Amino acid sequence: ALAENGELPEVARRHAEFFLQLAEDAEPHLSGAEQVTWLDRIEADHDNVRAALRWSIDTGKAETGMRIGGALWRFWLQRNHIREGRRWLEEVLALPAAREPTAHRVKAVTTLAGLVYWQGDYDAAGAAYRETLALYERLGDVAGRAGAQFNLGWVVTIGGDLDEAWSLLSEAKKSHAELGDRGAYARDGVALGLVAEFKRQWSKAKQILAESISIFRELGDRWWLGQALIAIGRSYREEDPGDEREEETYREAVAIFRETMDLSGLTQAMAATGAL
């Protein structure tokens, strides 16, 4: 009936706008104390989100697609839709209207980079994060630049350039401290702790990670708390193979990722526990 009356395009537009708003309302809650509630809410409306993304691509409305994609990065990761999320972002970013160096593009590219990182495609992730760093510098966005340095520093660490990684992450942590962003400051600490572990500097790693864990507990950020617990458990083991705190941290991480139904995190935590 809507198609016959010529009302379908307008209804589809309003539908996409509604679920864009839902995605952006959900975003700040997807890594906080209310994350399970909001993850469940997006999961329940996942088909509607898909329809909104399809509309944005089919009509060339790149901004809508980039905004939805940029907002839902944590949902796709934590609810195990990584491959699907990557497909959506690649389609949206290929649109002619998505090529301008805007804040929406840089956020969508950041999301794509995160998804390909979790697929183990580190070359693609590194290239995308370098694009985001250049875009944020061009836009004069200090907070965005610090976030891009964190992301790139993480990938560079895995690539083995520990000096570049330490420099990027230290600068990001300094910027986040000046900006008063305690969550980002703590995330920088997890990445720096990983660099310290790669350098076999176990005491330094534990000190940095312990500070981050304390902040994540205070903020209620369950996902990052789980990641930091796995990291500090490694340092407990390497410095003192008999340290009972290793098992305690892994078991807490398992419980966290079970609660949030995060299969990628649960796999990490269970593999660490099983290696004891």
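The structure displayed is predicted, hence computed values, not measured ones. Residue numbers here run from 1 along each chain, matching the order of that chain's written sequence. Since the coordinates come from a predicted model, pLDDT governs what is reported: local features require at least 70, and pairs of side-chain atoms require 80 or more to be given and counted, while whole-chain, interface and lining totals use all residues. Only hydrogens and water are removed before side-chain values are computed, so all heavy atoms of the structure are retained for them.

> Looking at this structure, how should I read the side chain of Lys173?
Mapped onto the elements, Lys173 comes out in helix H10 (residues 162-179). For every residue, the accessible area (1.4 Å probe, protein chains only) is compared with the maximum for its type, and the residue is labelled buried under 20%, exposed over 50%, or partly exposed between those bounds. Exposure remark for Lys173: the relative accessible area of 13% places this residue in the buried category. Contacts were defined at the residue level, with two residues in contact if any of their heavy atoms lie within 4.5 Å. Not counting residues within four places of it along the chain, the set of residues in contact with Lys173 comprises Tyr185, Asp188, Gly189, Leu192, Ile208 and Glu211. Secondary structure elements are taken from DSSP: a helix is a run of H or I of four residues or more, a strand is a run of E of two residues or more, and numbering for both begins at the N terminus.

> Would you explain the packing of aromatic side chains in this entry?
Any pair of aromatic rings gets described here by the distance separating the centres and the angle formed by the planes. Classification of ring pairs uses Phe, Tyr and Trp, with its six-membered ring standing for Trp, and accepts pairs whose centres are within 6.5 Å; under 30 degrees between planes counts as stacked, over 60 as edge-to-face, and the remaining range as tilted. Taken as a whole and judged by the stated rule, the model has 9 aromatic pairs. Taking the centre distance of 5.4 Å and the plane angle of 55 degrees together, the rings of Tyr117 and Tyr122 count as tilted. Ring pairing ties together the aromatic residues Tyr117, Trp118, Tyr122, Phe150, Trp154, Phe216, Trp223 and Trp224, which thus form one cluster. Over the ring of Trp223 we find Arg74, and its NZ or CZ is 4.5 Å from the ring centre. Directly above the ring of Tyr185 sits Lys173, whose terminal nitrogen or CZ lies 4.7 Å from the centroid. Working rule: Lys NZ or Arg CZ, within 6 Å of ring centre, within 35 degrees of ring normal, means a charge sits over the ring.

> How should I be thinking about H10 in this particular structure?
In an α-helix, one turn spans 3.6 residues; hence positions three or four apart end up facing the same way. One less than the number of residues in a helix, times 1.5 Å, gives the span that helix is expected to have. With 18 residues, H10 should cover 26 Å at 1.5 Å per step; its first-to-last C-alpha distance of 25 Å lies within 8% of that length. Taken residue by residue, H10 has Leu162, Ala165, Leu168, Leu169, Ala172, Lys173, Ser175 and His176 as its buried positions. One side of H10 holds all its buried residues, which, seen down the axis, span an arc of 165 degrees. Residues of H10 that are exposed and angled more than 90 degrees away from the buried face: Asp163, Lys174 and Glu178. Against the buried residues of H10 lie helix H9 (142-159), helix H11 (182-198) and helix H12 (202-219). Gly180 sits one or two positions beyond H10 and adopts a positive phi of about 75 degrees. The arc in question is traced by the directions running from the helix axis to the C-beta atoms.

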